[in-house]
Protein chains: 4
Amino acid sequence: MTEQIVLLAGFEPFEKEPVNASWEAARLLDGQMVGGARIVARQLSCVFDKSREELGAALDTLRPCLVVAAGVAGGRTELSVERVAINVDDARIPDNAGAQPVDRPIVADGPAAYFSTLPIKRVVHAMRAAGVPAAVSQTAGTFVCNHIFYALMHALAGRDDAPRAGFIHVPYLPSQTAARPGVASVSVEIIATGLRVAIAEALRPGPDLVETGGALH
Amino acid sequence: MTEQIVLLAGFEPFEKEPVNASWEAARLLDGQMVGGARIVARQLSCVFDKSREELGAALDTLRPCLVVAAGVAGGRTELSVERVAINVDDARIPDNAGAQPVDRPIVADGPAAYFSTLPIKRVVHAMRAAGVPAAVSQTAGTFVCNHIFYALMHALAGRDDAPRAGFIHVPYLPSQTAARPGVASVSVEIIATGLRVAIAEALRPGPDLVETGGALH
Amino acid sequence: MTEQIVLLAGFEPFEKEPVNASWEAARLLDGQMVGGARIVARQLSCVFDKSREELGAALDTLRPCLVVAAGVAGGRTELSVERVAINVDDARIPDNAGAQPVDRPIVADGPAAYFSTLPIKRVVHAMRAAGVPAAVSQTAGTFVCNHIFYALMHALAGRDDAPRAGFIHVPYLPSQTAARPGVASVSVEIIATGLRVAIAEALRPGPDLVETGGALH
Amino acid sequence: MTEQIVLLAGFEPFEKEPVNASWEAARLLDGQMVGGARIVARQLSCVFDKSREELGAALDTLRPCLVVAAGVAGGRTELSVERVAINVDDARIPDNAGAQPVDRPIVADGPAAYFSTLPIKRVVHAMRAAGVPAAVSQTAGTFVCNHIFYALMHALAGRDDAPRAGFIHVPYLPSQTAARPGVASVSVEIIATGLRVAIAEALRPGPDLVETGGALH
């Protein structure tokens, strides 16, 4: 019998930061067993097209039963479980290879958006029960995180056996904000706990909770 | 020759507020001529399905050459020109008729999202040039504002002669935040100026600016 | 009979801003009659020692019955009526003459702090009644605003006939934040209304309201 | 030879919170040796007058060589080393005994303020070097935290052998903000590390760093 694999993707550092909290947390979980499946952590480049190729290769090789991609949302106070990926790149800063696309579709003839197929309400519920600050987010931005989230959902779209997949943004680590008053952080252990709980919850079959996670605007 | 009409929709008050800044600004502009077209302001109910019927009726009657729907995003500091409407209602609070849908598609078999057809970068640029705090926003939330934005774009989708259309969120008015320290506001004159400038810019043909208005997350 | 004078001080621009909202509002009020007194607006340099000399000269010349000094607190959402000035300069950036004192007492043997002698709760109450976002603030910072506030109270301390005096911080103007998403502003008319109402209220004798304006931290 | 004691005070929960981060961190440090001194943690009531009596009794009994009082500043993102305590109680909410003083001096004939006698810049520097988010704060509010900070400094004022003393505000714990999107937290281990580092630094003699920790407003 083949082992069940959970692909947990994190990103390399960007925007002059020394570390990327998503990767620091992901590598803590690499190799751990959750709900009968083994977590395999993979680091993605913070580069628009390259990250997508790396993700595609990992999907092909690992054939995961669940995919959680994670990235940093600097300044947020909680782990945010993204609801939707939109079909546009609009980079406020260059990516790590110097590319800065503006209003470019990610997939030329792709749909305007894809919704996460994670049970996002259950995931938030489980994170909070574990003491991890968490919320549903209605936007993953328009930079490499949204790009990879959209590319991930597009790669899986239409497959009969598509695994659940989605994206979770995580805050900065405390060491990154030590000298930045007013900028929130969450420690790597708590981020890792949140991701682990999210994976465990997403591995459990069944429909999502009917519980509001919406935003007035 | 028939007169060109710009439909400017604003909302009635909700969430126990005495006024709705979007409507207060819209009615200041009602009847004004901009770029050869006449602005017709219409107030929408803050009720999921009813607002959509009201908007549909206005589209049928007025046959506008441009549609700008506006609503309040309490707490934001600037006018936000929304980029995308998503196909989900997820109400954190009940609407004015007591309905509180959770994770319900707005259009059962509709696409996951629609992008604004306003030249959003040009609109932001023009607002800022007029001294009006403005930015592109990547989410219109999941309440009645996103609902009407999605319904608007869905109603126009596929029409050969579809007018440009989009949604702009506006902050609270100062009178609403007088006793709420830390909550931002913008005066009604500045909001009205911003909406007027947005309409003028959107009436001018031509492609959008290639200028970043993206978000890292 | 001599005319009653209200000295309303505002500051010149600093930190590379093109304007200073405190002065833009003050000069709108210059010469206006409020409660039987005439407002005289004076612009102060954003320079530690020089501003104090300018203020001292204005006090000597005008012999005001009320002194309100105003400055900008960029990023705040409301007019803040300062409660207390502390005896320290600690400059995060250089002043307009290049001086950047760190942890230097303003008055070598002065008390650690002075409280405003404005009826700060009544002033906030009156501003809010006029629809102006307002709150008591527990800190005026440690830059030139706090410096002039402390120097003002020190100059008046111990005088039998000392007029009421205090400091009010005001937000940026909308034109300053047009391209700065997330940074709050208040229009100059509303700031001027707030300062005018504050002056009118402070001119009325009687004790302050017993109404909380405190902060948990 | 008598043992050197560091008094580390934390507070009991208030405002309906189940825990108080200042006490959770303080008790982790209770009994630890730092710089040759032993930390003794004491919990204070969140009650205006009672907390002061409790602190006074602890000072008399323990005769500490250093006093650090800590409390929670819910919503802040970093540990804030308070610069100044002001002579006023102005309670936005009742304390745990139901008292809600407004604009009442803490000490009837006391000075308007006391400055911390901790080397606040060195403490912030050391915390940041340890990866702990930290900053100088210019206000400790007007609730029980400021009250105890003022009372502490007043109790020590004028004593020849007065130990260094001051106040540090700490954020909420993650478990408190799990379901509160947008509200920052810091884990108890990081808060405890910050307090430990602060104590170690404050025990080292010598003047403070000349390094800005000021605020523009």
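Computed from a predicted model, the values in this text were never measured in an experiment.

(A) Region of the structure containing the relation of the copies chain B and chain A. After a rotation of 180 degrees and a shift along the axis of 0.0 Å, chain B superposes on chain A with an RMSD of 0.0 Å. These values place the two chain copies in the arrangement generated by a two-fold rotation axis.

(B) Here's a closer look at helix H6 (residues 188–203) of chain D. Compared with an ideal rise of 1.5 Å per residue, which puts 16 residues at 22 Å, H6 of chain D spans 22 Å between its outermost C-alpha atoms and is within 8% of the ideal. Listed as buried for H6 of chain D are Val 188, Ile 190, Ile 191, Ala 192, Gly 194, Leu 195, Val 197, Ala 198, Ile 199, Glu 201 and Ala 202 of chain D.

(C) Spotlight on the interface of chain B and chain A. Between chain B and chain A, the residue contacts involve 38 residues of the former and 38 residues of the latter. Of the roughly 2900 Å² buried between chain B and chain A on both sides combined, carbon and sulfur atoms contribute 63%. Run the count over chain B and chain A and you get eight salt bridges. Across the salt bridge formed by Asp 103 of chain A and Lys 121 of chain B, the nearest N and O atoms sit 2.8 Å from each other. There are 22 residue pairs in polar contact (both at pLDDT 80 or more) connecting chain B and chain A. Counting only elements with at least two residues in the side of chain B that touches chain A, the list comes to strand E6 (84–86), strand E8 (102–104) and strand E9 (113–115) of chain B. Looking at which element gives the most residues to the side of chain B that touches chain A, the answer is E9 of chain B, with three residues. Within the side of chain B that touches chain A, the residues separate by chemical class into 19 nonpolar, eleven polar and eight charged.

(D) Unusual backbone geometry, seen in detail. All names here are of chain C. One non-glycine residue, Arg 63, lies in positive phi territory at about 45 degrees. On the basis of relative accessibility, which here comes to 66%, the residue Arg 63 falls in the exposed class. Here the phi dihedral of Asp 103 falls at roughly 55 degrees; this positive angle occurs in a residue that is not glycine. With respect to the helices, strands and loops of the structure, Asp 103 is situated in strand E8 (residues 102–104).

(E) The arrangement of the sheet that holds strand E11 (residues 164–170) of chain A in detail. All names here are of chain A. Overall, mixed pairing links the seven strands, which are arranged E2-E3-E1-E4-E11-E5-E10 in an open sheet. Taken across any chain shown, the strands that pair with only one partner, and hence form the sheet edges, are strand E2 (33–34) and strand E10 (134–137). In the sheet, strand E1 (residues 4–11) pairs with strand E3 (residues 37–44) via eight bridges, with the strands oriented parallel. Note on E3: the bridge partner recorded for Leu 7 is Val 40. Taken strand by strand, helix H2 (residues 48–62) contacts E1, E3 and strand E4 (66–72), and its axis lies near 155 degrees from that of E3.

(F) A look at the UniProt feature "active site" (unreviewed entry) in chain A. Residues and elements named next belong to chain A. The positions that UniProt labels "active site" (unreviewed entry) are, in the present scheme, Glu 82, Cys 145 and His 169. With the annotated positions falling across 88 residues, the maximum pairwise C-alpha distance of 10.3 Å places them together in a single cluster. Among the residues examined, Glu 82 registers a relative accessible area of 0% and is labelled buried. Look past the residues within four positions of Glu 82 in its chain and what remains in contact with it is Arg 76, Ser 116, Ile 120, Ser 137, Gln 138, Thr 139, Ala 140, Phe 149, Phe 167 and His 169.

(G) The arrangement of the packing of helix H2 (residues 48–62) of chain D against helix H4 (residues 144–156) of chain D in detail. Residues and elements named next belong to chain D. In the contact formed by H2 and H4, the axes pass within 10 Å of each other and the chain directions differ by 40 degrees. In the crossing of H2 with H4, the sense of the turn from one axis to the other is right-handed. Note on element contacts: H4 touches H2 through Val 144, His 147, Ile 148, Ala 151, Leu 152, Ala 155 and Leu 156, opposite Phe 48, Asp 49, Ser 51, Arg 52, Leu 55 and Leu 59. When its residues are assigned to classes, the contact of H2 with H4 shows nine nonpolar, two polar and two charged.

(H) Just helix H1 (residues 21–29) of chain D, in detail. Residues and elements named next belong to chain D. Judged by how many residues are buried, H1 sits mostly within the fold: seven of nine residues are covered. Of the positions making up H1, those classed as buried are Ala 21, Ser 22, Trp 23, Glu 24, Ala 25, Ala 26 and Leu 29. For H1, the elements touching its buried residues are strand E1 (4–11), strand E3 (37–44), strand E4 (66–72), strand E9 (164–170), helix H5 (174–177) and H6. Directly beyond the C-terminal end of H1, a positive phi value near 90 degrees is found at Gly 31.

(I) Just the interface of chain B and chain C, in detail. The interface of chain B with chain C comprises 21 residues on the first partner and 20 residues on the second. For the chain B and chain C pair, buried surface summed over both sides reaches about 1400 Å², with 62% attributable to carbon and sulfur atoms. Looking at the side of chain B facing chain C, the largest losses of area belong to Thr 77, Arg 128 and Ala 178 of chain B, adding up to 30% of the total buried there. Our count for the contact surface shared by chain B and chain C stands at zero salt bridges. Counting across the interface, chain B meets chain C through ten residue pairs in polar contact (both at pLDDT 80 or more).

(J) Focus on the environment of Gln 176 of chain D. All names here are of chain D. Within the element layout of this structure, Gln 176 appears in helix H5. Along the primary structure Gln 176 and Glu 17 are separated by 159 residues, whereas in three dimensions their C-alpha atoms are 7.5 Å apart. Once you skip the residues sitting within four places of it in the chain, Gln 176 turns out to touch Glu 17, Val 19 and Ala 21. Of note is the side chain of Gln 176, whose polar atom sits 2.9 Å from the side chain of Glu 17.

(K) Broad picture of empty space enclosed by the protein. All told, the structure shown has six cavities of 30 Å³ or more when counted by the stated rule. Of the voids in this model, the largest cavity is the one considered here, and its volume is about 60 Å³. Lining the largest cavity are Val 84, Ile 86, Gln 138, Thr 139 and Ala 140 of chain A together with Val 84, Ile 86, Gln 138, Thr 139, Ala 140, Gly 141 and Asn 146 of chain B.

(L) Focus on the sheet that holds strand E10 (residues 134–137) of chain B. All names here are of chain B. Across the sheet, which stays open at both edges, the seven strands sit in the order E2-E3-E1-E4-E11-E5-E10 with mixed pairing between neighbours. What marks the edges here is a single partner per strand, and that holds for strand E2 (33–34) and E10. Alignment of strand E4 (residues 66–72) against strand E11 (residues 164–170), held across seven bridges, turns out to be parallel. Residue pairing in the sheet places Ala 69 in a bridge with Phe 167 of E11. Sitting on the sheet, helix H2 (residues 48–62) touches strand E1 (4–11), strand E3 (37–44) and E4, and the angle it makes with E3 is about 155 degrees.

(M) Examining the environment of Leu 66 of chain B more closely. Residue and element names in this part refer to chain B. Inspection of the secondary structure puts Leu 66 in strand E4. The exposure class of Leu 66 is buried, given its relative accessible area of 0%. In this structure the C-alpha to C-alpha distance between Leu 66 and Ala 202, which are 136 residues apart in sequence, comes to 7.7 Å. Contact partners of Leu 66, with chain neighbours within four places excluded, come to Ile 5, Val 6, Leu 7, Leu 118, Pro 163, Arg 164, Ile 199, Ala 202 and Leu 203.

(N) Here's a closer look at the packing of aromatic side chains. Residue and element names in this part refer to chain A. On inspection of all chains with the given rule, the structure shows 16 aromatic pairs over all chains. Judged by centre distance (5.9 Å) and plane angle (40 degrees), the ring pair of Phe 14 and Phe 143 falls under tilted. Residue Phe 14 is located in the loop between E1 and helix H1 (21–29), and its partner Phe 143 is located in the loop between E10 and helix H4 (144–156); the two are separated by 129 residues in the primary sequence. Residue Phe 14 is classed as buried on the basis of its relative accessible area of 12%. For Phe 143, a relative accessible area of 2% corresponds to the buried category. Their ring planes at 85 degrees and their centres at 5.6 Å tell us that Phe 48 and Phe 143 sit as a pair that is edge-to-face. Of this pair, Phe 48 sits in helix H2 while Phe 143 sits in the loop between E10 and H4; the two residues are 95 residues apart in sequence, bridging distant segments of the chain. The buried category is assigned to Phe 48, whose relative accessible area is 2%.

(O) Inspection of the pattern of salt bridges at higher detail. Residue and element names in this part refer to chain A. The tally for this structure, following the rule as stated, stands at 52 salt bridges over all chains. A salt bridge links Arg 104 to Asp 89, with the shortest nitrogen-to-oxygen separation between them at 2.8 Å. Separated by 15 residues along the polypeptide, Arg 104 in strand E8 (residues 102–104) and Asp 89 in strand E7 (residues 89–90) bring together distant segments of the chain. Given the relative accessible area of 31%, Arg 104 is considered partly exposed.

(P) Fine view of the layout of surface pockets. Computed from the structure, the second largest pocket encloses a volume of approximately 330 Å³. Ser 187, Val 188 and Glu 189 of chain A together with Ser 187 and Ile 190 of chain D are, among the 19 residues lining the second largest pocket, the residues nearest its centre. Listed by contribution, the elements that provide at least two residues to the lining of the second largest pocket are helix H5 (174–177) and helix H6 (188–203) of chain A together with H5 and H6 of chain D. For the lining of the second largest pocket, the leading source of residues is H6 of chain A, giving four residues. For the lining of the second largest pocket, the residue count by class is eleven nonpolar, six polar and two charged.

What counts, and where the lines are drawn
Residues numbered from 1 in each chain as written. Chains lettered and ligands numbered in written order. Predicted model: local features only at pLDDT ≥ 70, side-chain atom pairs only at ≥ 80, totals over all residues. Heavy atoms only, no water. Least-squares fit on C-alpha atoms with pLDDT ≥ 70 in both. Helix = DSSP H or I, 4+ residues; strand = E, 2+ residues; numbered from the N terminus. Expected span 1.5 Å × (residues − 1). Buried < 20%, exposed > 50% of the residue type's maximum accessible area, 1.4 Å probe, protein only. Contact = heavy atoms within 4.5 Å. Buried area = accessible area lost by both parts, 1.4 Å probe. Salt bridge = Lys/Arg side-chain N within 4 Å of Asp/Glu carboxyl O. Polar contact = N/O pair within 3.5 Å; in protein donor to acceptor, adjacent residues only side chain to side chain. Nonpolar A, V, L, I, M, F, W, Y, C, P; charged D, E, K, R; others polar. Pairing = 2+ DSSP bridges. Axes fitted to C-alpha atoms, helices over the stretch in contact; angles between N-to-C directions. UniProt positions renumbered as here; feature names shortened; annotations may be inferred. Left-handed = near helix turned anticlockwise from the far one by under 90°. 1 Å grid on protein atoms, 1.4 Å probe; cavity = no way out; pocket = protein on both sides within 12 Å on 5 of 7 lines; lining within 4 Å. Points joined across faces, edges and corners; volume = space filled by probe spheres on them. Phe/Tyr/Trp six-rings, centres within 6.5 Å; stacked < 30°, edge-to-face > 60°.

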